[in-house]
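# Summary of structural features
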Amino acid sequence: NNRLFALLLIGLFVGSIYKVKEDEIINILVIVAGVVAGFGLLQLFLPLDFMEALGYSEERGINTYYLIDSKEDLRRIFSTMREPNGMGAYLMIVITALSAWLLGNNKKSYKYAWLLAPLMAGLFFTFSRSALLALGVSLLALLIINGKLNEYYQKYKKYLPLLMVIGLVGVY
């Protein structure tokens, strides 16, 4: 499967032709991910068979819905992706990219921080533990690379036990 490598080559080729600013790339990334996450969150309120109207079917090898423990009130969203874990991985990449941009941008870019909320909500409702774990690792690596880990640790260390309990409960 060489799709990711081919997409990388296409991206490099297009990037070498068109000079695009970093802010424009982040805007496009967040807008597309926002639409994907928004449609995924909408799936929580749509009928279970709604995706059949869009061409999803068991005959084509794509589930029309995902449930936790066969309970209809515990849906896993997947938006236009093939399955919830794939959507979780996609949102994890976008959230990490947006977080890196927010941390590295010297401008008052924190007005864009609210954009993390729908992306995080979408990631949460995929119920993808691997994507949540990967997000935690990637954000930790991002803080270490930027040298801000100690700063944030000193600022929020009183909340660390609560975050650890939430994290452990969320995994189980």
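Each chain carries its own residue numbering, running from 1 in the direction its sequence is written. The predicted origin of the model limits local features to residues at a pLDDT of at least 70 and limits the giving and counting of side-chain atom pairs to 80 or more, whereas totals for whole chains, interfaces and linings rest on all residues. As a convention, hydrogens and water are excluded, and side-chain values are obtained from all of the structure's heavy atoms.

Attention now goes to the overall build of the protein chain. Helix and strand definitions follow DSSP, with helices as H or I runs of at least four residues and strands as E runs of at least two, each counted in order from the N terminus. When helices and strands are tallied, the protein chain shows seven helices and two strands. Order of helices (α) and strands (β) in the protein chain, N terminus to C terminus: α-α-β-β-α-α-α-α-α. Taken along its principal axes, the extent of the C-alpha atoms in the protein chain is 50 × 50 × 30 Å. Contact between two residues is taken to exist if any of their heavy atoms lie within 4.5 Å; hydrogens are not considered. The contacts in the protein chain between residues at least 6 apart in sequence include a share of 62% that link residues at least 24 apart. As displayed, the protein chain offers around 12000 Å² of accessible surface, 67% of which is attributable to carbon and sulfur atoms. Positive and negative charge centroids in the protein chain, built from 16 and 12 side chains respectively, lie 13 Å apart. Where accessible areas are quoted, they stem from the Shrake-Rupley method and a 1.4 Å probe; at the residue level, only the protein chains shown are allowed to cover. Note on charges: Lys and Arg go in the positive column, Asp and Glu in the negative column, and His and the chain ends are not counted at all. Lysine's charge is taken at NZ, arginine's at CZ, aspartate's at CG and glutamate's at CD.

Another aspect to go through is the nonpolar core. Take the buried Ala, Val, Leu, Ile, Met, Phe, Trp, Tyr and Cys residues and link them wherever side-chain atoms come within 4.5 Å; each set so joined is a nonpolar core. Three exposure classes are used, based on accessible area relative to the maximum for each residue type with a 1.4 Å probe and protein chains only: buried under 20%, partly exposed in between, and exposed over 50%. Leu91, Ile95, Leu98, Leu119 and Leu123 are the most contacted members of the largest nonpolar core, which has 20 residues in total. Elements with a minimum of two residues in this core: α2 (22-43), α3 (84-104), α4 (116-125) and α5 (129-146). Top element by residues in this core is α3. It accounts for eight residues. The residues contacting leucine 98, other than those within four sequence positions of it, are Ile26, Val30, Leu115, Leu116 and Leu119. Counting five residues, the second-largest nonpolar core is a separate cluster that includes Met51, Tyr56, Ile62 and Phe78.

Between its first and last C-alpha, α2 extends 32 Å over 22 residues, near the 32 Å set by a 1.5 Å rise per residue. Residues of α2 that are buried include every one of Ile26, Val30, Ala33, Val36, Ala37, Phe39, Gly40 and Gln43, and no others. At its buried positions, α2 is contacted by β2 (71-76), α3 and α4. Here the expected length of a helix is defined as 1.5 Å per residue gap, with one fewer gap than residues.

Turning next to the confidence of the model for the protein chain. For every residue, the predictor reports its confidence as pLDDT, a number between 0 and 100. Scored by pLDDT, the protein chain comes out at a mean of 85, with 95% of its residues at no less than 70. By mean pLDDT, helix α7 (residues 160-171) is the weakest element of the protein chain at 76, and α4 is the strongest at 94.

At a minimum axis distance of 9 Å, the contact between α3 and α5 shows a crossing angle of 20°. Considered as vectors, α3 and α5 are oriented roughly parallel to each other. In this structure, the crossing between α3 and α5 has a hand that is right-handed. Between α3 and α5, the contacting residues are Asn85, Gly88, Ala89, Met92, Ile95, Thr96, Ser99, Ala100 and Leu103 on the first element and Ser130, Ala131, Ala134, Leu135, Ser138, Leu139, Leu142, Leu143 and Asn146 on the second. Lines fitted to C-alpha atoms define the axes here, with helix axes fitted over just the stretch in contact, and angles between the N-to-C directions of these axes take values from 0 to 180 degrees. Roughly parallel refers to an angle under 35 degrees, roughly antiparallel to one over 145, roughly perpendicular to one between 65 and 115, and oblique to any angle outside these ranges. A crossing counts as left-handed when the near helix is turned anticlockwise from the far one by less than a right angle, and as right-handed when that turn is clockwise.

Once that is clear, we can look at the environment of isoleucine 77. Structurally, isoleucine 77 can be placed in the loop between β2 and α3. It is 4.9 Å that separates the C-alpha atoms of isoleucine 77 and threonine 126, two residues lying 49 residues apart in sequence. In this view, isoleucine 77 contacts Gly40, Leu41, Gln43, Leu44, Pro84, Met87, Gly122, Phe125 and Thr126; residues no more than four positions away in its chain are not counted.

Between rings of Phe, Tyr and Trp, where Trp is taken as its six-membered ring, a pair exists when centres lie within 6.5 Å; planes separated by under 30 degrees are stacked, by over 60 edge-to-face, and by other angles tilted. One pass over the structure, following the stated rule, counts five aromatic pairs. Relative to phenylalanine 125, the ring of phenylalanine 124 lies with its centre 5.2 Å away and its plane at 80°, an arrangement referred to as edge-to-face. Centroid distance phenylalanine 125 to phenylalanine 127: 6.1 Å. Interplanar angle 85°. Geometry classified as edge-to-face. By relative accessible area, which is 28% here, phenylalanine 125 ends up partly exposed. Residue phenylalanine 127 is classed as partly exposed on the basis of its relative accessible area, which comes to 29%. Through pairs of rings, three or more aromatic residues link up here, namely Tyr56, Tyr66 and Phe78.

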